[in-house]
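Listed below are the residues making up each chain.
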Amino acid sequence: MTVILDSSDSDQLAFAVRRLRELKPVGVPSETVYGLAGLAQSEKALAAIFHMKNRPNFDPLIVHASSIEALDGKIIWEFALQKKLAERYWPGPLTLLFRKTDEIPDLCTAGSPWVACRIPAHPQFQALLRALEGELLAAPSANRFASISPTSSQDVCAELGPYGLEAVIEGGVCERGLESTVVKVHSEQGIEILRQGAVSYEDLAGFLGSEVLLELRSSGSGIDETQVESPGQLKRHYAPRTPLVFFEGTQLNEFVVPEKSALLRICAEDDARGLERHSWGHTVLLSESSELSEAASKLFRVLRQLDQLEGLQHIVALPTKELGLGRAINDRLKRAALY
Ligand code: TXA
Ligand code: MG
(Lines give C-alpha, C1' and ligand atoms only; values in the text may rest on other atoms or scores of the structure.)
(Ligands and ions follow the chains in the order given, each with its own letter.)
Protein backbone atom coordinates (compact mmCIF):
# COMPACT_ATOMS: atom_id res chain seq x y z
CA MET A 1 0.00 0.00 0.00
CA THR A 2 1.29 3.42 -0.96
CA VAL A 3 0.84 6.15 1.67
CA ILE A 4 -0.42 9.52 0.47
CA LEU A 5 1.49 12.27 2.32
CA ASP A 6 0.31 15.75 3.20
CA SER A 7 3.47 17.82 2.86
CA SER A 8 1.98 20.79 4.73
CA ASP A 9 2.38 18.56 7.80
CA SER A 10 6.03 18.82 8.82
CA ASP A 11 6.22 15.22 10.05
CA GLN A 12 4.91 13.90 6.75
CA LEU A 13 7.30 16.08 4.77
CA ALA A 14 10.13 14.85 6.98
CA PHE A 15 9.04 11.27 6.23
CA ALA A 16 9.38 11.93 2.48
CA VAL A 17 12.81 13.51 2.98
CA ARG A 18 13.94 10.53 5.07
CA ARG A 19 12.80 8.05 2.42
CA LEU A 20 14.66 10.01 -0.28
CA ARG A 21 17.81 10.13 1.83
CA GLU A 22 17.50 6.37 2.24
CA LEU A 23 17.63 6.36 -1.60
CA LYS A 24 14.06 5.14 -2.02
CA PRO A 25 11.78 6.67 -4.67
CA VAL A 26 8.90 8.95 -3.61
CA GLY A 27 5.99 10.12 -5.79
CA VAL A 28 5.81 13.91 -6.19
CA PRO A 29 3.19 16.24 -7.65
CA SER A 30 4.14 18.76 -10.31
CA GLU A 31 2.25 21.25 -12.44
CA THR A 32 2.71 18.93 -15.45
CA VAL A 33 2.30 15.32 -14.30
CA TYR A 34 3.29 13.41 -11.14
CA GLY A 35 6.92 12.37 -10.94
CA LEU A 36 8.81 9.50 -9.32
CA ALA A 37 11.61 11.27 -7.48
CA GLY A 38 14.99 10.17 -6.20
CA LEU A 39 18.25 11.92 -5.31
CA ALA A 40 19.78 12.81 -8.67
CA GLN A 41 23.36 12.44 -7.47
CA SER A 42 22.94 8.93 -6.12
CA GLU A 43 23.35 6.03 -8.53
CA LYS A 44 21.49 3.79 -6.14
CA ALA A 45 18.49 6.14 -6.00
CA LEU A 46 18.49 6.44 -9.79
CA ALA A 47 18.68 2.67 -10.22
CA ALA A 48 15.66 2.29 -7.92
CA ILE A 49 13.66 4.68 -10.14
CA PHE A 50 14.55 2.80 -13.34
CA HIS A 51 13.65 -0.47 -11.67
CA MET A 52 10.29 0.66 -10.29
CA LYS A 53 9.24 2.13 -13.64
CA ASN A 54 10.63 -0.80 -15.63
CA ARG A 55 12.34 1.90 -17.65
CA PRO A 56 15.17 0.97 -20.02
CA ASN A 57 18.41 2.62 -18.98
CA PHE A 58 18.90 4.29 -22.36
CA ASP A 59 16.10 6.71 -21.45
CA PRO A 60 17.56 9.59 -19.37
CA LEU A 61 15.88 11.32 -16.41
CA ILE A 62 15.03 15.00 -15.88
CA VAL A 63 16.74 16.69 -12.94
CA HIS A 64 14.64 19.07 -10.82
CA ALA A 65 16.09 21.92 -8.78
CA SER A 66 14.62 24.39 -6.29
CA SER A 67 16.48 27.32 -7.87
CA ILE A 68 19.04 28.22 -10.53
CA GLU A 69 21.69 28.42 -7.77
CA ALA A 70 20.99 24.80 -6.79
CA LEU A 71 22.32 23.84 -10.25
CA ASP A 72 25.70 25.52 -9.63
CA GLY A 73 28.55 23.13 -10.31
CA LYS A 74 26.20 20.52 -11.81
CA ILE A 75 25.67 22.05 -15.26
CA ILE A 76 27.55 24.32 -17.64
CA TRP A 77 25.81 27.38 -19.04
CA GLU A 78 27.08 27.64 -22.61
CA PHE A 79 24.71 30.12 -24.19
CA ALA A 80 23.07 33.38 -23.15
CA LEU A 81 19.94 31.93 -24.73
CA GLN A 82 19.82 29.19 -22.06
CA LYS A 83 19.76 31.89 -19.35
CA LYS A 84 17.13 33.85 -21.21
CA LEU A 85 14.86 30.79 -21.46
CA ALA A 86 15.43 29.80 -17.83
CA GLU A 87 14.62 33.31 -16.63
CA ARG A 88 11.46 33.43 -18.70
CA TYR A 89 10.06 29.95 -18.05
CA TRP A 90 11.34 28.83 -14.60
CA PRO A 91 9.77 27.85 -12.36
CA GLY A 92 7.57 26.10 -14.89
CA PRO A 93 7.10 23.37 -17.48
CA LEU A 94 10.14 23.96 -19.69
CA THR A 95 13.04 21.49 -19.51
CA LEU A 96 16.40 22.67 -20.82
CA LEU A 97 19.40 20.57 -21.80
CA PHE A 98 22.86 21.53 -20.46
CA ARG A 99 26.31 20.00 -20.60
CA LYS A 100 26.70 18.17 -17.31
CA THR A 101 29.62 18.11 -14.88
CA ASP A 102 30.87 14.97 -13.13
CA GLU A 103 28.51 15.77 -10.26
CA ILE A 104 25.67 14.27 -12.31
CA PRO A 105 25.97 10.48 -12.64
CA ASP A 106 26.05 9.02 -16.15
CA LEU A 107 23.11 6.80 -15.22
CA CYS A 108 20.93 9.91 -14.91
CA THR A 109 21.66 10.99 -18.49
CA ALA A 110 21.94 7.49 -19.97
CA GLY A 111 25.58 8.19 -20.75
CA SER A 112 24.90 11.46 -22.55
CA PRO A 113 27.04 14.53 -21.82
CA TRP A 114 23.77 16.48 -21.69
CA VAL A 115 21.51 16.67 -18.67
CA ALA A 116 17.87 17.82 -18.82
CA CYS A 117 16.84 20.20 -16.01
CA ARG A 118 13.89 22.19 -14.84
CA ILE A 119 12.63 24.09 -11.81
CA PRO A 120 9.10 22.90 -11.10
CA ALA A 121 6.43 25.43 -10.11
CA HIS A 122 4.24 23.19 -7.97
CA PRO A 123 4.32 24.42 -4.33
CA GLN A 124 4.51 20.92 -2.82
CA PHE A 125 7.37 19.90 -5.13
CA GLN A 126 9.13 23.15 -4.24
CA ALA A 127 8.58 22.52 -0.53
CA LEU A 128 10.18 19.09 -0.86
CA LEU A 129 13.18 20.46 -2.77
CA ARG A 130 13.66 23.19 -0.17
CA ALA A 131 13.45 20.62 2.62
CA LEU A 132 16.27 18.75 0.84
CA GLU A 133 18.39 21.90 1.14
CA GLY A 134 19.48 22.25 -2.43
CA GLU A 135 19.83 18.57 -3.34
CA LEU A 136 18.57 17.78 -6.81
CA LEU A 137 15.78 15.33 -7.59
CA ALA A 138 15.68 13.19 -10.71
CA ALA A 139 12.04 12.54 -11.58
CA PRO A 140 10.55 10.84 -14.60
CA SER A 141 6.76 10.68 -14.84
CA ALA A 142 5.45 8.29 -12.19
CA ASN A 143 4.05 5.66 -14.56
CA ARG A 144 5.33 2.28 -15.67
CA PHE A 145 7.35 2.60 -18.86
CA ALA A 146 5.30 3.52 -21.97
CA SER A 147 2.05 3.81 -20.06
CA ILE A 148 -0.02 6.97 -19.46
CA SER A 149 1.49 9.65 -17.22
CA PRO A 150 -0.32 10.08 -13.88
CA THR A 151 -2.09 13.36 -13.12
CA SER A 152 -3.32 12.60 -9.58
CA SER A 153 -1.92 10.89 -6.49
CA GLN A 154 -4.46 8.07 -6.99
CA ASP A 155 -3.07 7.46 -10.48
CA VAL A 156 0.42 7.16 -9.01
CA CYS A 157 -0.80 4.63 -6.43
CA ALA A 158 -2.50 2.60 -9.17
CA GLU A 159 0.59 2.66 -11.41
CA LEU A 160 3.36 2.05 -8.91
CA GLY A 161 1.71 0.76 -5.72
CA PRO A 162 1.93 -2.81 -7.09
CA TYR A 163 5.67 -2.27 -7.66
CA GLY A 164 6.45 -1.26 -4.10
CA LEU A 165 6.10 2.53 -4.05
CA GLU A 166 5.94 3.48 -0.38
CA ALA A 167 4.76 7.08 -0.56
CA VAL A 168 3.43 9.83 -2.79
CA ILE A 169 3.00 13.47 -1.81
CA GLU A 170 -0.54 14.78 -2.36
CA GLY A 171 -0.66 17.77 -4.68
CA GLY A 172 -4.12 17.66 -6.20
CA VAL A 173 -4.87 17.21 -9.89
CA CYS A 174 -2.04 18.46 -12.14
CA GLU A 175 -2.85 21.86 -13.56
CA ARG A 176 -1.24 21.35 -16.99
CA GLY A 177 -1.77 17.62 -17.40
CA LEU A 178 0.93 17.34 -20.09
CA GLU A 179 4.65 16.81 -19.52
CA SER A 180 7.16 19.63 -19.80
CA THR A 181 8.48 20.74 -23.17
CA VAL A 182 12.09 19.54 -23.62
CA VAL A 183 14.35 21.97 -25.45
CA LYS A 184 17.99 21.90 -26.55
CA VAL A 185 19.83 25.13 -27.28
CA HIS A 186 22.27 24.50 -30.16
CA SER A 187 23.61 28.05 -30.52
CA GLU A 188 22.60 31.62 -29.81
CA GLN A 189 20.55 31.44 -33.01
CA GLY A 190 19.06 27.99 -32.89
CA ILE A 191 17.07 25.82 -30.53
CA GLU A 192 15.24 22.56 -30.98
CA ILE A 193 12.16 21.16 -29.29
CA LEU A 194 12.97 17.53 -28.50
CA ARG A 195 9.62 16.79 -26.89
CA GLN A 196 6.50 18.92 -27.23
CA GLY A 197 4.69 19.64 -24.01
CA ALA A 198 3.06 22.20 -21.77
CA VAL A 199 4.94 25.16 -23.32
CA SER A 200 3.81 25.39 -26.92
CA TYR A 201 5.90 25.97 -30.04
CA GLU A 202 4.02 29.22 -30.66
CA ASP A 203 4.71 30.44 -27.13
CA LEU A 204 8.45 29.78 -27.51
CA ALA A 205 8.56 31.23 -31.02
CA GLY A 206 6.78 34.38 -29.85
CA PHE A 207 9.21 34.80 -26.98
CA LEU A 208 12.34 34.13 -29.06
CA GLY A 209 11.42 36.34 -31.99
CA SER A 210 12.57 35.96 -35.58
CA GLU A 211 16.33 36.03 -34.86
CA VAL A 212 16.25 32.54 -33.36
CA LEU A 213 15.49 29.47 -35.44
CA LEU A 214 13.14 27.14 -33.56
CA GLU A 215 13.14 23.59 -34.86
CA LEU A 216 10.56 21.01 -34.00
CA ARG A 217 11.55 17.38 -34.06
CA SER A 218 8.72 15.67 -35.84
CA SER A 219 6.79 13.07 -33.89
CA GLY A 220 6.63 10.52 -36.64
CA SER A 221 10.35 10.62 -37.32
CA GLY A 222 10.54 6.89 -36.74
CA ILE A 223 13.68 6.96 -34.67
CA ASP A 224 14.79 3.69 -33.28
CA GLU A 225 14.93 3.14 -29.56
CA THR A 226 18.68 2.77 -29.24
CA GLN A 227 19.73 5.93 -31.01
CA VAL A 228 16.98 8.19 -29.84
CA GLU A 229 18.11 11.54 -28.49
CA SER A 230 15.10 12.27 -26.31
CA PRO A 231 13.34 9.00 -25.71
CA GLY A 232 10.04 10.74 -24.95
CA GLN A 233 10.23 10.64 -28.72
CA LEU A 234 9.93 6.86 -28.74
CA LYS A 235 7.26 6.10 -31.24
CA ARG A 236 5.00 4.15 -28.93
CA HIS A 237 4.44 5.87 -25.62
CA TYR A 238 1.68 7.19 -23.35
CA ALA A 239 -0.50 4.26 -24.34
CA PRO A 240 -3.67 2.94 -22.72
CA ARG A 241 -4.19 -0.83 -22.72
CA THR A 242 -7.33 -0.46 -24.83
CA PRO A 243 -6.24 -0.17 -28.48
CA LEU A 244 -6.43 3.46 -29.56
CA VAL A 245 -7.12 4.52 -33.13
CA PHE A 246 -6.02 8.05 -34.01
CA PHE A 247 -8.44 8.85 -36.82
CA GLU A 248 -6.73 11.26 -39.17
CA GLY A 249 -8.77 10.27 -42.19
CA THR A 250 -11.35 12.50 -43.74
CA GLN A 251 -13.88 10.07 -45.14
CA LEU A 252 -16.21 8.27 -42.83
CA ASN A 253 -16.16 5.17 -45.00
CA GLU A 254 -12.37 4.90 -44.63
CA PHE A 255 -12.98 3.56 -41.24
CA VAL A 256 -15.34 0.95 -39.90
CA VAL A 257 -16.23 1.74 -36.32
CA PRO A 258 -15.70 -1.34 -34.17
CA GLU A 259 -18.33 -2.37 -31.69
CA LYS A 260 -18.15 -1.19 -28.08
CA SER A 261 -15.87 1.72 -28.83
CA ALA A 262 -15.42 5.17 -27.34
CA LEU A 263 -15.10 8.37 -29.33
CA LEU A 264 -12.65 10.89 -27.90
CA ARG A 265 -12.93 14.45 -29.18
CA ILE A 266 -10.63 17.24 -28.09
CA CYS A 267 -12.41 20.53 -28.83
CA ALA A 268 -16.04 21.12 -29.76
CA GLU A 269 -14.96 23.16 -32.78
CA ASP A 270 -12.79 20.34 -34.23
CA ASP A 271 -14.11 18.66 -37.33
CA ALA A 272 -15.73 15.45 -36.09
CA ARG A 273 -16.06 14.12 -39.65
CA GLY A 274 -19.54 12.89 -38.98
CA LEU A 275 -18.23 10.29 -36.54
CA GLU A 276 -20.22 11.79 -33.68
CA ARG A 277 -23.39 10.53 -35.35
CA HIS A 278 -22.44 6.89 -34.85
CA SER A 279 -23.73 4.97 -31.91
CA TRP A 280 -20.77 4.83 -29.57
CA GLY A 281 -20.47 3.03 -26.26
CA HIS A 282 -19.08 6.29 -24.91
CA THR A 283 -18.27 9.72 -26.24
CA VAL A 284 -16.02 12.22 -24.51
CA LEU A 285 -15.41 15.83 -25.42
CA LEU A 286 -12.46 17.35 -23.56
CA SER A 287 -13.34 21.01 -24.04
CA GLU A 288 -16.81 22.25 -24.78
CA SER A 289 -15.45 25.79 -25.11
CA SER A 290 -12.58 24.60 -27.37
CA GLU A 291 -9.84 25.67 -24.96
CA LEU A 292 -6.74 23.62 -25.57
CA SER A 293 -5.39 24.19 -22.05
CA GLU A 294 -8.57 22.66 -20.62
CA ALA A 295 -8.36 19.74 -23.05
CA ALA A 296 -4.67 19.15 -22.25
CA SER A 297 -5.32 19.12 -18.52
CA LYS A 298 -7.97 16.40 -18.95
CA LEU A 299 -6.37 14.23 -21.66
CA PHE A 300 -4.44 11.67 -19.60
CA ARG A 301 -7.14 11.46 -16.90
CA VAL A 302 -9.80 10.69 -19.51
CA LEU A 303 -7.62 8.10 -21.27
CA ARG A 304 -7.11 6.41 -17.91
CA GLN A 305 -10.86 6.45 -17.19
CA LEU A 306 -11.70 5.01 -20.60
CA ASP A 307 -9.09 2.33 -20.07
CA GLN A 308 -10.92 1.21 -16.95
CA LEU A 309 -14.27 0.68 -18.69
CA GLU A 310 -15.35 -2.91 -18.77
CA GLY A 311 -15.32 -4.49 -22.22
CA LEU A 312 -14.31 -1.40 -24.22
CA GLN A 313 -12.71 -2.61 -27.45
CA HIS A 314 -11.31 0.55 -28.97
CA ILE A 315 -10.81 4.21 -28.30
CA VAL A 316 -11.18 6.28 -31.45
CA ALA A 317 -9.50 9.68 -31.00
CA LEU A 318 -9.88 12.57 -33.40
CA PRO A 319 -7.07 15.08 -33.89
CA THR A 320 -7.38 18.69 -32.87
CA LYS A 321 -5.85 21.68 -34.63
CA GLU A 322 -2.07 21.56 -35.05
CA LEU A 323 -1.56 24.79 -33.16
CA GLY A 324 -0.42 25.71 -29.65
CA LEU A 325 -1.07 22.91 -27.15
CA GLY A 326 -2.99 21.10 -29.89
CA ARG A 327 0.37 19.95 -31.30
CA ALA A 328 1.36 18.23 -28.05
CA ILE A 329 -2.11 16.70 -27.66
CA ASN A 330 -1.98 15.26 -31.21
CA ASP A 331 1.56 14.05 -30.58
CA ARG A 332 0.52 12.10 -27.47
CA LEU A 333 -2.49 10.58 -29.23
CA LYS A 334 -0.38 9.57 -32.22
CA ARG A 335 2.08 7.76 -29.98
CA ALA A 336 -0.71 6.17 -27.94
CA ALA A 337 -2.08 4.75 -31.17
CA LEU A 338 1.03 2.86 -32.26
CA TYR A 339 1.40 -0.82 -31.72
O1 TXA B 1 6.87 17.33 -16.95
C2 TXA B 1 7.83 16.56 -16.90
O3 TXA B 1 8.83 16.68 -17.61
C4 TXA B 1 7.74 15.42 -15.87
C5 TXA B 1 7.77 16.02 -14.48
C6 TXA B 1 7.82 14.97 -13.40
O7 TXA B 1 8.85 16.91 -14.39
N8 TXA B 1 8.79 14.48 -16.10
C9 TXA B 1 8.83 13.69 -17.20
O10 TXA B 1 9.90 12.84 -17.24
O11 TXA B 1 7.99 13.75 -18.08
P12 TXA B 1 9.99 11.61 -18.25
O13 TXA B 1 11.18 10.87 -17.79
O14 TXA B 1 8.74 10.87 -18.28
O15 TXA B 1 10.31 12.28 -19.60
C16 TXA B 1 11.55 12.93 -19.75
C17 TXA B 1 11.82 13.24 -21.18
C18 TXA B 1 12.06 12.00 -21.98
O19 TXA B 1 11.54 12.22 -23.28
C20 TXA B 1 13.56 11.93 -21.99
O21 TXA B 1 14.02 11.23 -23.10
C22 TXA B 1 13.93 13.39 -22.07
O23 TXA B 1 13.00 14.03 -21.25
N24 TXA B 1 15.27 13.59 -21.53
C25 TXA B 1 15.66 13.50 -20.24
N26 TXA B 1 16.97 13.69 -20.13
C27 TXA B 1 17.45 13.91 -21.37
C28 TXA B 1 18.74 14.15 -21.91
N29 TXA B 1 19.81 14.19 -21.13
N30 TXA B 1 18.85 14.31 -23.25
C31 TXA B 1 17.75 14.26 -24.03
N32 TXA B 1 16.50 14.02 -23.59
C33 TXA B 1 16.35 13.85 -22.27
MG1 MG C 1 7.25 9.81 -19.05
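Each remark here, short or long, concerns the structure printed above.
Residues numbered from 1 in each chain as written. Chains lettered and ligands numbered in written order. Predicted model: local features only at pLDDT ≥ 70, side-chain atom pairs only at ≥ 80, totals over all residues. Heavy atoms only, no water.

Participant: Could you give an account of the sheet that holds strand 15 (residues 282-287), with specific residues and numbers?
Facilitator: Overall, parallel pairing links the four strands, which are arranged 13-16-14-15 in an open sheet. This sheet does not close on itself; its edge strands, each paired only once, are strand 13 (244-246) and strand 15. Taking the axes of each pair of neighbouring strands and ignoring which way they run, one obtains an average angle of 20 degrees across the sheet. Both strand 14 (residues 261-267) and strand 15 contribute to a ladder of five bridges, which runs parallel. In the strand pairing of strand 15, Arg265 is matched with Leu285. Running at roughly 150 degrees to strand 15, helix 8 (residues 292-307) makes contact with strand 13, strand 14, strand 15 and strand 16 (314-317) of the sheet. Each of strand 13, strand 14 and strand 16 is contacted by helix 9 (residues 325-336), which is oriented at about 130 degrees to strand 13, the strand it contacts most. (Pairing = 2+ DSSP bridges. Helix = DSSP H or I, 4+ residues; strand = E, 2+ residues; numbered from the N terminus. Axes fitted to C-alpha atoms, helices over the stretch in contact; angles between N-to-C directions. Contact = heavy atoms within 4.5 Å.)

Participant: Now, about helix 3 (residues 80-89): what can you tell me, with residues and values included?
Facilitator: Taken together, the buried positions of helix 3 are occupied by Leu81, Gln82, Leu85, Ala86 and Tyr89. All buried residues of helix 3 fall inside an arc of 135 degrees around its axis, so they share one side. Exposed and facing more than 90 degrees away from the buried side of helix 3 are Ala80 and Glu87. Close packing links the buried residues of helix 3 with strand 5 (75-76), strand 6 (94-100), strand 10 (181-187), strand 11 (190-195) and helix 7 (201-208). (Buried < 20%, exposed > 50% of the residue type's maximum accessible area, 1.4 Å probe, protein only. Arc of directions from axis to C-beta.)

Participant: Describe the packing of helix 3 against helix 7, naming the residues involved and giving the relevant values.
Facilitator: In the contact formed by helix 3 and helix 7, the axes pass within 12 Å of each other and the chain directions differ by 120 degrees. As far as their axial angle goes, helix 7 and helix 3 are oblique. As for the relative orientation of helix 3 and helix 7, their crossing is right-handed in sense. On helix 7, the residues touching Leu81, Lys84, Leu85, Arg88 and Tyr89 of helix 3 are Asp203, Leu204, Phe207 and Leu208. Its residues assigned to classes, the contact of helix 3 with helix 7 comprises six nonpolar, no polar and three charged. (Parallel < 35°, antiparallel > 145°, perpendicular 65-115°, else oblique. Left-handed = near helix turned anticlockwise from the far one by under 90°. Nonpolar A, V, L, I, M, F, W, Y, C, P; charged D, E, K, R; others polar.)

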